[in-house]
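Examining the three-dimensional arrangement
In case you want the letters, here they are:
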Amino acid sequence: MSAPENEHAKEHGGPRVDEPTGTATMGHEWDGIEELNTPLPTWWLYTFYACIVFAIGYCVVYPAIPGIKEGSHGTFGWTSRGQLASEMDAAKAARAPVLAALDATPIEDLPKNPELLAKAVAGGKAAFKVNCVPCHGSGAAGSIGYPNLNDDDWLWGGTLTDIQTTLEHGIRQPGDDATRTSMMPSFGRDGILKPADVQDVVSYVRQISGQEPGNASAQRGAALFAANCVACHGADGKGNRMFGAPNLTDKVWLYGGSRTAITETVTNAHAGVMPAWGNRLSPATIKMLAAYVHSLGGGEAFAAPAAPAAETAASTGQ
Amino acid sequence: MTNMDPKGLTRQPPKRLHAETQAVHPRAVDGRFRRLKWAVMTFCLAVYYITPWLRWHRGPYSPDQAVLIDLEHRRFYMFAIEIWPQEFYFVAGLLIMAGIGLFLVTSAVGRAWCGYACPQTVWTDLFQHVDRLIDGDRNAQMKLAKAPWGPAKIARRLGKWSIYLLISISTGGAWIFYFADAPTLAREFVTLQAPSIAYSTVFVLTCTTMWFGGFMREQVCIYMCPWPRIQSAMLDEKSLLVTYKDWRGEPRGKKSPTGAPLGDCIDCGLCAAVCPTGIDIREGPQIGCITCALCIDACDGVMEKTGRPRGLIDYVTLEDSARERQGLPATPHWKLIWHARTLIYLGIWSAIGAALLFALGTRQHLSIAVSKDRNPPYMILSSGEIRNAYAVRWKNMEGRPRKMQLTLDGPAGAKMWSEDMAKEMAARDLTRIIPADTTAPLRIYVTAPVGTHEGKLSFTLRALDQDGGEVSYATRFDAPDEDHD
């Protein structure tokens, strides 16, 4: 059939019919390549029209058309800021019951409610990242002059209540009456001790902290220590949390335990400041932060969950 | 192709770039392939509708539905098998097997998936039977389609579409039962207490079933489905195709005008009339042919009535077409399947299946995952001891609570305690009861004496019940390089 039809096509200018398939071509060719005319079904065309209608509708209801100063707003009034705000509101609403429960629970009762405690720790972890990381580090490991919160050495106490107080009122925060405060004298700088005496005291401190064997200098230092230091650091050098006086016999040093570092401390003293957070953060956030810091492994007055720890089922998760 | 039917639907040179779809009204037919299609359809629909209602007892802590995709709790249950999310490779393996299975079937028997088992084919077939039930067979359907709209036609159409809708709702409805406890969900569904996702899923699937099965039908196969395109590339001269044996049938006709001898085809057109995709198989192999073989049934019936041998239209490979054209006998059927490509697919398919079964049989039902704290990597306690922290996940994959023991293997003098106990109770092992089907996260602190160097540390989790089982996780213990000052 094709051959005579093609004759016909040539005469009348219609498209050529491809012989093997019996399908007409589109009537054009590029370098000998022709295209068969395989028509789409009409419904496909309607699908295309439907897409156009949808696109027009979309442009009407959503912001889509750019303008000189601002684009169209769309009849739905949708904005990405609005969506964010509603998502934040939803998140806030979801958190509300936890925060209300935290407000109603005194911090010392938190361990009695493991579920709430777990949520407080999680919330505290987030709040820590926002507020505490600049000084204490992202892993709460601190650095010279900024305490490591993972360990079991606490200047001002490591129970939940102690940590809460520290957070709320800060340390040596001017203007906060309840702030934790103390002042170590600058024994060297102010001439209370002569440089040689300072070295003797340092020798004694290094002896009681197990870093140096006892010697004559340390023996002289012991007497100086008893005269000048025991009021705060105690007769045995184990510190006193009333004044935030560190335990000098342990292995944790806020400003370093080397001879140089201790000499510097005795000569000039240190008085680190931590801001009071009570007027910046909500009481619930402070509780969460306290719970998080307490959970880092060094928290004191550990209260085991209701069931005996040894064989209780661990808390579950996915 | 000089013998082509000039009235053929697909071959007429079109005047426009898009063509009106011709509605297909296939005629009812009976025969061995039709009966096979009935059987496959019954089987497929039965599997689809009944599976979620099968029960399988798994004890008090797990659902008793035989096949359940529990998205909420991230578990996949299939009879005795329970898959956790981290074991999803089993499901991936099954999907790969399904893919290679398609290749295997194509290599062995051609486009059989399209012709018999594809949901689009099964549901289209079902809807076409509804057409015959309400409107009558092919001729009545065509007549009704042409008839002007009047009360009788409206009533028939509404009746038919109502049945379409019922089928569609039950199709979409059955789907959701794979994802929740079927009896509970059914009760909630009818009392309007089911989650909204159930209703929207049913709604969407009802729409697609109604639209694809009721109205789009063969258009889905010809224009929308990618598989026929892929399949065309997978067919070769050894693939079984539904073939009109033109060397036997041509020249076709009822009576020769010139008296010249005619072929076996009496040009009754029944093969085209019964075709569910509306093609004429006598035009040769084409993309619209889903190889459902209903034309074979139709032609065989005619051949029988007219006293000619069956098989004018038959499953034939291209290779055999060439042989038969020369008068040579066809290849025996077993030989068709016995060729390298089929055997290689079968080999791959079975190897994956065997590997999956082996992995399933030997998998542990407890597992441990440890993630060491790296910020800070280690801590010095006031006593000078070195402390490392680990997040340890105890995983009990059995459907019952199990008593498990975690043992520490690390530096000399190392001891561990967990967040839920006091440091004073630190020991080399910890025992916990892990609830059924649960991952229990526990923070573990390990301390080692002053002077310990960094090194290897591993945790071993042991089940303390009869079934036992033991898994280990190797990690490390960090310590300062030298005495800190």
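Every residue gets a number counted from 1 within its own chain, in the order that chain's sequence is written. The naming scheme follows written order: chains are lettered A onward, ligands numbered 1 onward. Since the coordinates come from a predicted model, pLDDT governs what is reported: local features require at least 70, and pairs of side-chain atoms require 80 or more to be given and counted, while whole-chain, interface and lining totals use all residues.

1. Section: the overall build of chain A
- A helix here means a DSSP run of H or I that spans at least four residues, while a strand means a run of E at least two residues long, and both kinds are numbered starting from the N terminus. Regarding its fold elements, chain A presents 11 helices and 4 strands.
- Computation of the radius of gyration draws on C-alpha atoms alone. For the globule rule, the value is 2.2 Å times the number of residues to the power 0.38. Here the C-alpha atoms of chain A give a radius of gyration of 38 Å, more than 25% beyond the 20 Å that 2.2 N^0.38 yields for 318 residues.
- To assign burial, the other C-beta atoms lying within 10 Å of each residue's own C-beta are counted, with C-beta atoms placed from the backbone; 20 or more indicates buried, 12 or fewer indicates exposed, and intermediate counts indicate partly exposed. For chain A, the proportion of its 318 residues judged to be buried stands at 28%.
- A separation of at least 24 residues holds for 52% of the contacts in chain A among residues at least 6 apart in sequence. We call two residues in contact when the distance between their C-beta atoms, placed using the backbone, is within 7 Å.

2. Quick word on the overall build of chain B
- Summing up its helical and strand segments, chain B has 16 helices and 15 strands in all.
- For 485 residues, the compact-globule estimate of 2.2 N^0.38 gives 23 Å, and the C-alpha radius of gyration of chain B, at 33 Å, exceeds that figure by more than 25%.
- Across its three principal directions, the C-alpha atoms of chain B cover 115 × 60 × 45 Å.
- Across chain B, the fraction of contacts at a sequence separation of at least 24, relative to all contacts at a separation of at least 6, is 70%.

3. A look at the nonpolar core
All names here are of chain B.
- By convention the nonpolar core is taken to be a set of buried residues drawn from Ala, Val, Leu, Ile, Met, Phe, Trp, Tyr and Cys and joined through C-beta atoms within 7 Å. In terms of nonpolar packing, the biggest core is built from 34 residues, with Val242, Cys271, Leu294, Cys295 and Ile313 touching the most fellow members.
- Elements that contribute at least two residues to this core include exactly helix 3 (112-117), helix 9 (218-224), strand 5 (241-244), helix 12 (270-273), helix 13 (294-305) and strand 6 (313-316).
- The greatest single-element share of this core, amounting to 5 residues, is contributed by helix 13.
- Apart from residues lying up to four places away in sequence, leucine 294 is in contact with Val29, Phe33, Arg34, Val274, Cys275 and Pro276.
- Within the second largest apolar cluster, 33 residues are counted, among which are Tyr378, Ile386, Met397 and Met416.

4. Let's talk about the sheet that holds strand 14 (residues 455-463) of chain B
Residues and elements named next belong to chain B.
- Here the rule is simple: two strands pair whenever DSSP picks up at least two bridges between them. The sheet built from 4 strands is open, its strands ordered 12-10-14-15 with antiparallel pairing. Strands at the two margins of the open sheet, each flanked by one partner only, are strand 12 (429-434) and strand 15 (470-477). Between one strand and the next, the sheet's axes are offset by a mean angle of 20°, whatever the strand orientation.
- Bridging between strand 10 (residues 402-409) and strand 12 involves 6 bridges; their strand directions are antiparallel. From the neighbouring strand, leucine 406 faces strand 12, where its bridge partner is leucine 430. Every axis corresponds to a line fitted to the C-alpha atoms, with the helix fit spanning only the stretch in contact, and the corresponding angles, defined between N-to-C directions, vary from 0 to 180 degrees.

5. Some details on the confidence of the model for chain A
- Looking at chain A, the pLDDT average stands at 88 and 90% of residues meet or exceed 70.
- Confidence scores here are pLDDT values: one per residue, from the predictor, ranging 0 to 100. Confidence drops under pLDDT 50 across residues 305-318 of chain A; counting only partners more than four residues distant or on other chains, this segment forms 32 contacts.

6. Digging into unusual backbone geometry
Residues and elements named next belong to chain B.
- With an omega dihedral of -10°, the bond running from glutamate 250 to proline 251 counts as a cis peptide bond.
- Locating proline 251 in the fold gives a position in the loop between helix 11 (246-249) and helix 12.
- Across the junction of asparagine 375 and proline 376, the peptide omega takes the value 0°, indicating a cis bond.
- Its place among the elements puts proline 376 in the loop between strand 7 (366-372) and strand 8 (379-380).

7. Quick look at the packing of helix 6 (residues 151-176) of chain B against helix 8 (residues 196-216) of chain B
Residue and element names in this part refer to chain B.
- Taken N-terminus to C-terminus, the directions of helix 6 and helix 8 make an angle of 135°; their axes are 7 Å apart at the nearest point. Between helix 6 and helix 8, the crossing angle belongs to the class labelled oblique. In terms of crossing hand, the pair formed by helix 6 and helix 8 is right-handed. Only Ala198, Thr201, Val202, Leu205, Thr206, Thr209, Met210 and Gly214 of helix 8 make contact with helix 6, whose side of the interface consists of Tyr164, Leu165, Ser168, Ile169, Thr171, Gly172, Gly173, Trp175 and Ile176.
- In terms of residue class, the contact of helix 6 with helix 8 is made up of 9 nonpolar, 8 polar and no charged. These descriptions rest on fixed angle ranges, namely under 35 degrees for roughly parallel, over 145 for roughly antiparallel, 65 to 115 for roughly perpendicular, and the rest for oblique. It is the rotation of the near helix from the far one that decides the hand of a crossing: anticlockwise by less than a right angle makes it left-handed, clockwise makes it right-handed. Residue polarity is assigned by list, with Asp, Glu, Lys and Arg as charged and Ala, Val, Leu, Ile, Met, Phe, Trp, Tyr, Cys and Pro as nonpolar; anything else, Gly included, falls into the polar class.

8. Brief notes about helix 6 (residues 160-169) of chain A
All names here are of chain A.
- For helix 6, the buried fraction is high: 9 of the 10 residues fall into the buried class.
- Regarding helix 6, the residues found buried are Leu160, Asp162, Ile163, Gln164, Thr165, Thr166, Leu167, Glu168 and His169.
- Buried positions along helix 6 lie against helix 11 (283-294).
- Remark: glycine 170 follows helix 6 within two positions and exhibits a positive phi of approximately 75°.

9. Some remarks on the sheet that holds strand 3 (residues 75-78) of chain B
All names here are of chain B.
- The strand order across the open sheet formed by 3 strands is 2-3-4, and the pairing between neighbours is antiparallel. Edge strands, defined here as strands with exactly one partner in the open sheet, are strand 2 (67-70) and strand 4 (81-83). Averaged over all neighbouring strand pairs, the angle between strand axes comes to 10°, with direction disregarded.
- Both strand 2 and strand 3 contribute to a ladder of 4 bridges, which runs antiparallel. Among the inter-strand pairings, valine 67 is bridged to a residue of strand 3, identified as methionine 78.

10. Describing the domain arrangement of chain A
- Residue ranges labeled as domains rest on an automatic or database domain assignment. Partitioning chain A into structural domains gives domain 1 (2-36), domain 2 (90-180 + 273-302) and domain 3 (195-268).
- Spacing between the C-alpha centres of domain 1 of chain A and domain 2 of chain A amounts to 83 Å.

11. Concerning helix 8 of chain B
Residues and elements named next belong to chain B.
- Given the number of residues in a helix, its expected span is that number minus one, multiplied by 1.5 Å. An ideal rise of 1.5 Å per residue puts 30 Å on 21 residues; helix 8 measures up with 28 Å between its terminal C-alpha atoms.
- Contact partners of the buried residues in helix 8: helix 4 (119-135), helix 6 and helix 9.
- Just beyond helix 8, the residue with positive phi is arginine 217, at close to 45°.

12. Here's the deal with the packing of helix 1 (residues 32-50) of chain B against helix 4 of chain B
All names here are of chain B.
- Here helix 1 crosses helix 4 at 110°, and the two axes come no closer than 10 Å. Relative to helix 4, the element helix 1 is oriented roughly perpendicular. Of helix 4, the residues touching helix 1 (which contributes Lys37, Met41, Cys44 and Leu45) are Val122, Asp125 and Leu126.
- Residue composition of the contact of helix 1 with helix 4, by class: 5 nonpolar, no polar and 2 charged.

13. With respect to the domain arrangement of chain B
All names here are of chain B.
- One can read the domain layout of chain B as domain 1 (32-234), domain 2 (241-331) and domain 3 (366-477).
- Between the C-alpha centres of domain 1 and domain 3 the distance comes to 49 Å.
- Domain 1 puts 5 residues into the contact, and the matching count from domain 3 is 5 residues.

14. Observations concerning the pairing of strand 14 of chain B
Residue and element names in this part refer to chain B.
- As paired strands, strand 10 and strand 14 are joined by 6 bridges and run antiparallel to one another. By the bridge assignment for strand 14, aspartate 409 is matched with serine 458.
- Here strand 14 runs beside strand 15; their pairing, made up of 8 bridges, is antiparallel. Following the sheet pairing, glycine 455 is matched in strand 15 by phenylalanine 477.

15. Considering the environment of alanine 233 of chain B
- Along the chain, alanine 233 of chain B falls in helix 10 (residues 227-234).
- The exposed category is assigned to alanine 233 of chain B, around which 7 C-beta atoms lie within 10 Å.

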